[in-house]
Amino acid sequence: VKGRRTNQAQKGMKGMSVVIISGESYCRREEIAIEAAEALGYDCFSREVLAEASRRYSLPEEKLEEALKDSSSFLDRFSNTRSRHLAYYQAALTALLNKDNVVYYGDAGHMFVSEVSHVLTVRLMADMEERAASRMKKEGIPEKQARELLQKESELRRKWFLSVFGLDGMEPGRFDLVINVTQIGPKRAANIIVETARDVKFQPITYSVKAMQDQELAGRVRAALIDAYPDVIVTARSGEISIKTKALKKKEKSTSIRDQVQAMEGVSYVELG
């Protein structure tokens, strides 16, 4: 995966934490993410994750992106399409974040990583008036239409979170830091993110680095299995993989799964349960 590499990073400045930035549309998320990354000396990524997932799993980016937007689970009940595509996306994302020294901005990145203390999750917000004005200017549409589109997008995003995770991923309590860009402006917002990322709480420690590595490995194994075993659940701990799926009831399937996973990089032991 290739993203933006800042001049500071090129000079060898050591980064510390991973930053994941979410936010409402038209709240200047990209601008803020890039400025924060430049100040930290980190790589900055967004759609590059889709490109990497597309490369790894030979799927069009458009199909993968659809899985990140479609709140309907009807087709998934029969084809497992959305679940597969989200598994591919998660595998690509955790591989990127496992490198450290990165700022990632996107709608749902914070939901695919858990219990990693050196990951700073940020949610950006802005007043409706400011967001509508930005959309009016960019798209040349009336204020009423801009507001309606913004409200509709927020509703669809909330439905998507509920459909995929069973909870509202937009709730402020799910983030380490929530910033109202209207109140303080994008430059100050970026500065706050930088200051917080440098806080000792978000410095990597042995346990948090290991937790990120475990999540990357589990995501990679699940992505490799999910096409053949849609119900598969994978956990990883220091190279030891635990796999659960109904297919394990068949001895030949168990042998096939074990052999496939045992051959994967980073796997030292496979437990079927």
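Above this text sits the structure in question.
Asks: Just to check I follow, could you spell out the pairing of strand 6 (residues 233-237) for this structure?
Replies: Consecutive residues of a regular strand have side chains that alternate between opposite faces of the sheet. Burial along strand 6 is one-sided: V234 and A236 are buried, and none of I233, T235 and R237, which face the opposite way, are. Between strand 6 and strand 7 (residues 240-244), which pair antiparallel and follow one another directly, the connecting turn spans two residues, one of which, S238, has a positive phi of 50°.

Asks: Looking at this structure, how should I read the nonpolar core?
Replies: A general trend in soluble globular proteins is that nonpolar side chains are found buried together. Counting residues in each nonpolar core, the largest one holds 50 residues, and the members touching the most others are L97, Y104, V221, I241, I243 and V261. Sort the elements by how many residues they give to this core and helix 6 (residues 81-97) lands first, with nine residues. Sequence-distant contacts of I243, defined by excluding residues within four places in its chain, comprise L225, V232, I233, V234, L248, I257, V261, V270, E271, L272 and G273. Within the second largest apolar cluster, 27 residues are counted, among which are V19, A37, L177 and A197.

Asks: Would you mind going over the packing of aromatic side chains with me for this structure?
Replies: Where two aromatic rings form a pair, the distance of their centres and the angle of their planes describe that pair. According to the stated counting rule, one finds six aromatic pairs in the structure shown. Ring geometry for W160 against F165: centres 5.8 Å apart, planes inclined by 75°, an arrangement best described as edge-to-face. Classification of W160 by relative accessible area gives buried; the value is 0%. The class for F165 is partly exposed, based on a relative accessible area of 28%. Each residue in the set Y89, F112, W160, F161 and F165 is aromatic and connected to the rest through ring pairs, giving one cluster. The ring of F161 carries the charged tip of R157 above its face, separated from the ring centre by 5.5 Å.

Criteria and cut-off values
Residues numbered from 1 in each chain as written. Predicted model: local features only at pLDDT ≥ 70, side-chain atom pairs only at ≥ 80, totals over all residues. Heavy atoms only, no water. Buried < 20%, exposed > 50% of the residue type's maximum accessible area, 1.4 Å probe, protein only. Helix = DSSP H or I, 4+ residues; strand = E, 2+ residues; numbered from the N terminus. Pairing = 2+ DSSP bridges. Core = buried A, V, L, I, M, F, W, Y, C linked by side-chain atoms within 4.5 Å. Contact = heavy atoms within 4.5 Å. Phe/Tyr/Trp six-rings, centres within 6.5 Å; stacked < 30°, edge-to-face > 60°. Lys NZ or Arg CZ within 6 Å of the ring centre and 35° of its normal.

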